[in-house]
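One-letter residues, chain by chain:
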Amino acid sequence: QKEVEQDPGPLSVPEGAIVSLNCTYSNSAFQYFMWYRQYSRKGPELLMYTYSSGNKEDGRFTAQVDKSSKYISLFIRDSQPSDSATYLCAMTETLWWQNFVFGPGTRLSVLP
Amino acid sequence: EADIYQTPRYLVIGTGKKITLECSQTMGHDKMYWYQQDPGMELHLIHYSYGVNSTEKGDLSSESTVSRIRTEHFPLTLESARPSHTSQYLCASSEWRGSGTEAFFGQGTRLTVV
(Lines give C-alpha, C1' and ligand atoms only; values in the text may rest on other atoms or scores of the structure.)
Protein backbone atom coordinates (compact mmCIF):
# COMPACT_ATOMS: atom_id res chain seq x y z
CA GLN A 1 0.00 0.00 0.00
CA LYS A 2 1.31 3.44 -0.91
CA GLU A 3 1.82 5.92 1.90
CA VAL A 4 -0.38 8.51 0.17
CA GLU A 5 -3.20 7.65 -2.20
CA GLN A 6 -5.05 10.10 -4.37
CA ASP A 7 -8.16 9.82 -6.55
CA PRO A 8 -6.67 8.86 -9.90
CA GLY A 9 -8.84 10.93 -12.17
CA PRO A 10 -8.85 12.32 -14.70
CA LEU A 11 -11.78 14.42 -13.65
CA SER A 12 -13.83 16.52 -16.08
CA VAL A 13 -16.38 19.04 -14.83
CA PRO A 14 -18.35 21.91 -16.38
CA GLU A 15 -17.39 25.47 -15.62
CA GLY A 16 -18.95 26.67 -12.36
CA ALA A 17 -19.06 23.23 -10.76
CA ILE A 18 -17.84 22.46 -7.24
CA VAL A 19 -14.84 20.15 -7.38
CA SER A 20 -13.72 17.81 -4.62
CA LEU A 21 -10.19 16.38 -4.73
CA ASN A 22 -9.18 13.83 -2.12
CA CYS A 23 -6.17 12.07 -0.61
CA THR A 24 -5.90 9.33 1.96
CA TYR A 25 -2.79 8.41 3.88
CA SER A 26 -1.58 5.68 6.17
CA ASN A 27 0.95 7.45 8.43
CA SER A 28 -0.89 8.83 11.47
CA ALA A 29 2.15 10.97 12.34
CA PHE A 30 1.60 13.30 9.38
CA GLN A 31 0.79 16.77 10.70
CA TYR A 32 1.40 19.17 7.82
CA PHE A 33 -0.63 18.98 4.64
CA MET A 34 -0.26 20.85 1.37
CA TRP A 35 -1.99 21.07 -1.97
CA TYR A 36 0.02 21.90 -5.07
CA ARG A 37 -1.26 22.75 -8.53
CA GLN A 38 0.78 21.74 -11.55
CA TYR A 39 -0.02 23.03 -15.01
CA SER A 40 1.13 21.03 -17.99
CA ARG A 41 4.88 21.33 -18.60
CA LYS A 42 5.35 23.45 -15.46
CA GLY A 43 6.61 22.84 -11.94
CA PRO A 44 4.15 22.51 -9.02
CA GLU A 45 3.04 25.67 -7.21
CA LEU A 46 1.68 25.81 -3.66
CA LEU A 47 -2.06 26.40 -3.34
CA MET A 48 -2.90 25.70 0.28
CA TYR A 49 -1.11 24.74 3.46
CA THR A 50 -2.78 23.36 6.61
CA TYR A 51 -1.59 22.11 9.95
CA SER A 52 -3.44 19.30 11.76
CA SER A 53 -7.21 18.84 11.47
CA GLY A 54 -9.68 21.48 10.36
CA ASN A 55 -10.62 23.67 7.45
CA LYS A 56 -8.80 26.50 5.73
CA GLU A 57 -10.30 28.75 3.11
CA ASP A 58 -8.59 30.93 0.52
CA GLY A 59 -10.86 32.48 -2.06
CA ARG A 60 -12.53 29.73 -4.08
CA PHE A 61 -10.36 27.05 -2.47
CA THR A 62 -11.02 25.22 0.81
CA ALA A 63 -8.64 22.66 2.28
CA GLN A 64 -10.03 20.18 4.78
CA VAL A 65 -8.10 17.77 7.00
CA ASP A 66 -9.62 14.90 8.97
CA LYS A 67 -6.77 13.25 10.84
CA SER A 68 -9.06 10.71 12.53
CA SER A 69 -9.96 9.33 9.10
CA LYS A 70 -6.54 10.06 7.58
CA TYR A 71 -8.30 11.94 4.82
CA ILE A 72 -7.72 15.36 3.26
CA SER A 73 -9.72 17.22 0.66
CA LEU A 74 -9.44 20.26 -1.54
CA PHE A 75 -12.69 21.91 -2.65
CA ILE A 76 -12.81 24.32 -5.57
CA ARG A 77 -15.93 26.46 -5.83
CA ASP A 78 -17.13 28.05 -9.06
CA SER A 79 -14.49 26.17 -11.03
CA GLN A 80 -12.93 27.93 -14.01
CA PRO A 81 -11.19 26.62 -17.13
CA SER A 82 -7.99 28.12 -15.70
CA ASP A 83 -8.27 25.60 -12.84
CA SER A 84 -7.52 22.82 -15.32
CA ALA A 85 -4.32 21.26 -14.01
CA THR A 86 -2.99 18.34 -12.00
CA TYR A 87 -3.47 18.71 -8.24
CA LEU A 88 -0.95 17.08 -5.92
CA CYS A 89 -1.37 16.55 -2.21
CA ALA A 90 1.74 16.45 -0.04
CA MET A 91 2.23 15.77 3.65
CA THR A 92 4.91 15.38 6.29
CA GLU A 93 5.49 14.70 9.98
CA THR A 94 7.88 17.61 10.30
CA LEU A 95 8.62 20.79 8.44
CA TRP A 96 11.70 19.33 6.85
CA TRP A 97 10.94 19.23 3.16
CA GLN A 98 13.05 16.20 2.52
CA ASN A 99 10.44 14.22 4.41
CA PHE A 100 7.46 15.36 2.35
CA VAL A 101 5.47 12.58 0.67
CA PHE A 102 3.52 13.43 -2.46
CA GLY A 103 0.39 11.83 -3.88
CA PRO A 104 0.42 10.89 -7.58
CA GLY A 105 -1.90 13.75 -8.50
CA THR A 106 -5.39 14.12 -9.95
CA ARG A 107 -5.77 15.67 -13.38
CA LEU A 108 -8.71 18.08 -13.52
CA SER A 109 -10.29 19.52 -16.66
CA VAL A 110 -12.85 22.30 -16.34
CA LEU A 111 -14.84 22.56 -19.53
CA PRO A 112 -16.19 25.96 -20.65
CA GLU B 1 6.39 33.70 -9.95
CA ALA B 2 9.19 31.87 -8.14
CA ASP B 3 12.79 32.77 -8.94
CA ILE B 4 14.08 29.29 -9.56
CA TYR B 5 15.31 28.30 -12.97
CA GLN B 6 16.13 25.03 -14.63
CA THR B 7 18.00 24.46 -17.86
CA PRO B 8 17.59 22.92 -20.28
CA ARG B 9 13.79 22.57 -20.37
CA TYR B 10 14.00 19.64 -22.77
CA LEU B 11 16.91 17.35 -23.56
CA VAL B 12 17.22 14.36 -25.85
CA ILE B 13 20.53 12.57 -25.52
CA GLY B 14 22.16 9.30 -26.49
CA THR B 15 22.93 6.43 -24.13
CA GLY B 16 26.27 6.71 -22.36
CA LYS B 17 26.53 10.49 -22.51
CA LYS B 18 27.35 12.58 -19.47
CA ILE B 19 24.79 15.28 -18.74
CA THR B 20 24.33 18.03 -16.18
CA LEU B 21 20.96 19.51 -15.37
CA GLU B 22 21.24 23.05 -14.06
CA CYS B 23 19.20 24.62 -11.26
CA SER B 24 19.58 28.13 -9.91
CA GLN B 25 17.55 30.17 -7.43
CA THR B 26 17.84 33.84 -6.56
CA MET B 27 15.84 33.74 -3.31
CA GLY B 28 18.77 32.92 -1.02
CA HIS B 29 17.16 29.69 0.17
CA ASP B 30 19.44 27.31 2.02
CA LYS B 31 17.49 24.14 1.26
CA MET B 32 17.33 22.76 -2.26
CA TYR B 33 15.96 19.53 -3.71
CA TRP B 34 15.84 17.40 -6.83
CA TYR B 35 12.73 15.35 -7.56
CA GLN B 36 11.98 12.85 -10.30
CA GLN B 37 8.46 12.74 -11.70
CA ASP B 38 7.14 10.21 -14.21
CA PRO B 39 3.77 10.89 -15.94
CA GLY B 40 0.85 10.25 -13.59
CA MET B 41 3.19 9.32 -10.77
CA GLU B 42 4.16 10.99 -7.52
CA LEU B 43 7.27 13.09 -7.07
CA HIS B 44 10.21 11.15 -5.70
CA LEU B 45 13.03 12.90 -3.86
CA ILE B 46 16.43 11.94 -5.26
CA HIS B 47 18.77 14.51 -3.67
CA TYR B 48 18.64 17.40 -1.23
CA SER B 49 20.93 19.95 0.35
CA TYR B 50 20.81 21.92 3.60
CA GLY B 51 23.25 24.51 2.32
CA VAL B 52 26.69 25.03 0.81
CA ASN B 53 28.82 21.85 0.84
CA SER B 54 25.85 19.79 2.08
CA THR B 55 24.34 17.05 -0.11
CA GLU B 56 22.20 14.06 0.84
CA LYS B 57 20.54 11.22 -1.06
CA GLY B 58 16.76 11.05 -1.02
CA ASP B 59 14.38 8.14 -0.89
CA LEU B 60 14.64 7.16 -4.52
CA SER B 61 17.78 5.35 -5.51
CA SER B 62 19.49 7.34 -8.21
CA GLU B 63 22.64 7.04 -10.27
CA SER B 64 22.96 10.80 -10.34
CA THR B 65 25.17 13.06 -8.23
CA VAL B 66 24.77 16.65 -7.07
CA SER B 67 27.00 19.43 -5.79
CA ARG B 68 26.35 22.59 -3.79
CA ILE B 69 29.32 24.91 -4.07
CA ARG B 70 27.22 28.07 -4.06
CA THR B 71 23.93 28.77 -2.29
CA GLU B 72 22.12 29.61 -5.49
CA HIS B 73 23.32 26.71 -7.63
CA PHE B 74 22.45 22.98 -7.32
CA PRO B 75 23.36 21.05 -10.48
CA LEU B 76 22.53 17.37 -11.00
CA THR B 77 24.87 15.18 -13.05
CA LEU B 78 24.39 11.82 -14.74
CA GLU B 79 27.79 10.33 -15.61
CA SER B 80 26.40 7.85 -18.14
CA ALA B 81 22.82 8.34 -19.26
CA ARG B 82 20.60 5.31 -19.86
CA PRO B 83 17.05 4.97 -21.25
CA SER B 84 15.85 4.22 -17.69
CA HIS B 85 16.82 7.80 -16.79
CA THR B 86 14.11 9.15 -19.11
CA SER B 87 11.86 11.23 -16.86
CA GLN B 88 11.05 14.74 -15.73
CA TYR B 89 13.42 16.25 -13.18
CA LEU B 90 12.18 19.01 -10.90
CA CYS B 91 14.37 21.27 -8.78
CA ALA B 92 12.96 23.04 -5.73
CA SER B 93 14.11 25.29 -2.89
CA SER B 94 12.41 26.05 0.39
CA GLU B 95 12.24 28.54 3.20
CA TRP B 96 10.66 28.70 6.64
CA ARG B 97 7.88 31.27 6.86
CA GLY B 98 6.82 31.49 10.47
CA SER B 99 3.48 29.81 9.89
CA GLY B 100 4.96 27.07 7.80
CA THR B 101 7.21 26.16 4.97
CA GLU B 102 6.86 26.47 1.23
CA ALA B 103 8.85 24.92 -1.54
CA PHE B 104 9.22 26.71 -4.84
CA PHE B 105 9.65 24.54 -7.91
CA GLY B 106 11.40 25.18 -11.18
CA GLN B 107 9.74 24.48 -14.53
CA GLY B 108 11.41 21.10 -14.80
CA THR B 109 13.73 19.41 -17.27
CA ARG B 110 12.21 16.72 -19.43
CA LEU B 111 14.98 14.24 -20.23
CA THR B 112 14.79 11.60 -22.92
CA VAL B 113 17.64 9.12 -23.30
CA VAL B 114 17.63 7.23 -26.57
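Provided above is the structure to which this section pertains.
Right, let's walk through the structure included here. (Residues numbered from 1 in each chain as written. Chains lettered and ligands numbered in written order. Predicted model: local features only at pLDDT ≥ 70, side-chain atom pairs only at ≥ 80, totals over all residues. Heavy atoms only, no water.)

### Here's the deal with the overall build of chain B
Along chain B, the regular secondary structure elements total zero helices and 11 strands. For chain B, the succession of helices and strands along the chain, N to C, is β-β-β-β-β-β-β-β-β-β-β. Against the 2.2 N^0.38 benchmark of 13 Å for 114 residues, chain B shows a C-alpha radius of gyration of 14 Å, consistent with a compact globule. Burial analysis of chain B (114 residues in total) assigns 48% to the buried set. At a minimum sequence separation of 6, the contacts of chain B that also span at least 24 residues come to 52%. For chain B, the accessible surface area stands at approximately 5500 Å², while carbon and sulfur atoms represent 50% of it. Of the charged side chains in chain B, 10 are positive and 13 negative; the average position of the first set lies 6 Å away from that of the second. (Helix = DSSP H or I, 4+ residues; strand = E, 2+ residues; numbered from the N terminus. Rg over C-alpha atoms; globule rule 2.2 N^0.38 Å. Buried < 20%, exposed > 50% of the residue type's maximum accessible area, 1.4 Å probe, protein only. Contact = heavy atoms within 4.5 Å. Areas by Shrake-Rupley, 256 points an atom, 1.4 Å probe, with all protein chains shown as cover. Lys, Arg positive; Asp, Glu negative; His and termini not counted. Charge placed at Lys NZ, Arg CZ, Asp CG, Glu CD.)

### Here we look at the state of the cysteines
Residues and elements named next belong to chain A. Using the criterion set out here, one finds two disulfides over all chains in the structure. A disulfide bridge connects Cys23 with Cys89, and the sulfur atoms are separated by 2.0 Å. Its S-S torsion of approximately -100 degrees makes the covalent link between Cys23 and Cys89 left-handed. Remark: Cys89 occurs in strand E9 (residues 85-92) and Cys23 occurs in strand E3 (residues 19-25); sequence separation between them is 66 residues. For Cys23, a relative accessible area of 1% puts it in the buried group. (Disulfide = S-S within 2.5 Å.)

### Observations concerning the interface of chain B and chain A
Between chain B and chain A, the contact holds 26 residues from the first and 19 residues from the second. Taken together, both faces of the contact between chain B and chain A bury some 1900 Å²; the carbon and sulfur share is 56%. Here chain B is connected to chain A by zero salt bridges. Where chain B packs against chain A, one counts four residue pairs in polar contact (both at pLDDT 80 or more). Taken together, the residues of the side of chain B that touches chain A break down into 12 nonpolar, nine polar and five charged. (Buried area = accessible area lost by both parts, 1.4 Å probe. Salt bridge = Lys/Arg side-chain N within 4 Å of Asp/Glu carboxyl O. Polar contact = N/O pair within 3.5 Å; in protein donor to acceptor, adjacent residues only side chain to side chain. Nonpolar A, V, L, I, M, F, W, Y, C, P; charged D, E, K, R; others polar.)

### Concerning the layout of surface pockets
In this model, the largest pocket occupies a volume close to 470 Å³. Along the walls of the largest pocket sit 21 residues, with Gln38(A), Thr86(A), Arg107(A), Pro39(B) and Gly40(B) positioned nearest its centre. Counting only elements with at least two residues in the lining of the largest pocket, the list comes to E9 and strand E11 (106-111) of chain A. Broken down by element, the lining of the largest pocket gets its largest block of residues, four residues, from E11(A). Its residues assigned to classes, the lining of the largest pocket comprises seven nonpolar, nine polar and five charged. (1 Å grid on protein atoms, 1.4 Å probe; cavity = no way out; pocket = protein on both sides within 12 Å on 5 of 7 lines; lining within 4 Å. Points joined across faces, edges and corners; volume = space filled by probe spheres on them.)

### Notes on the pattern of salt bridges
In total, this model carries six salt bridges over all chains according to the counting rule given. We note a salt bridge from Asp83(A) to Arg60(A), for which the minimum N-O separation is 2.9 Å. Linking Asp83(A) in the loop between strand E8 (71-76) and E9 with Arg60(A) in the loop between strand E6 (54-58) and strand E7 (61-66), this pair joins segments that are 23 residues apart in sequence. Under the relative-accessibility criterion, Arg60(A) is labelled partly exposed at 26%. Residue Glu72(B) pairs with Arg70(B) through a salt bridge whose shortest N-O separation is 3.1 Å. The class for Glu72(B) is partly exposed, based on a relative accessible area of 33%.

### So, the environment of Glu22(B)
Residue and element names in this part refer to chain B. Assignment of secondary structure puts Glu22 in strand E3 (residues 19-25). A relative accessible area of 27% means that Glu22 is categorised as partly exposed. C-alpha separation for the pair Glu22 and His73, spaced 51 residues apart in sequence, amounts to 7.7 Å. Separated by 2.6 Å, the side chains of Glu22 and His73 make a polar contact.

### Some remarks on the side chain of Ser73(A)
Residue and element names in this part refer to chain A. Here Ser73 lies in strand E8. Among the polar contacts made by the side chain of Ser73, one reaches the side chain of Asn22 at a distance of 2.8 Å. Residues in contact with Ser73, not counting those within four places in the same chain, are Leu21, Asn22, Trp35, Thr62, Ala63 and Gln64.

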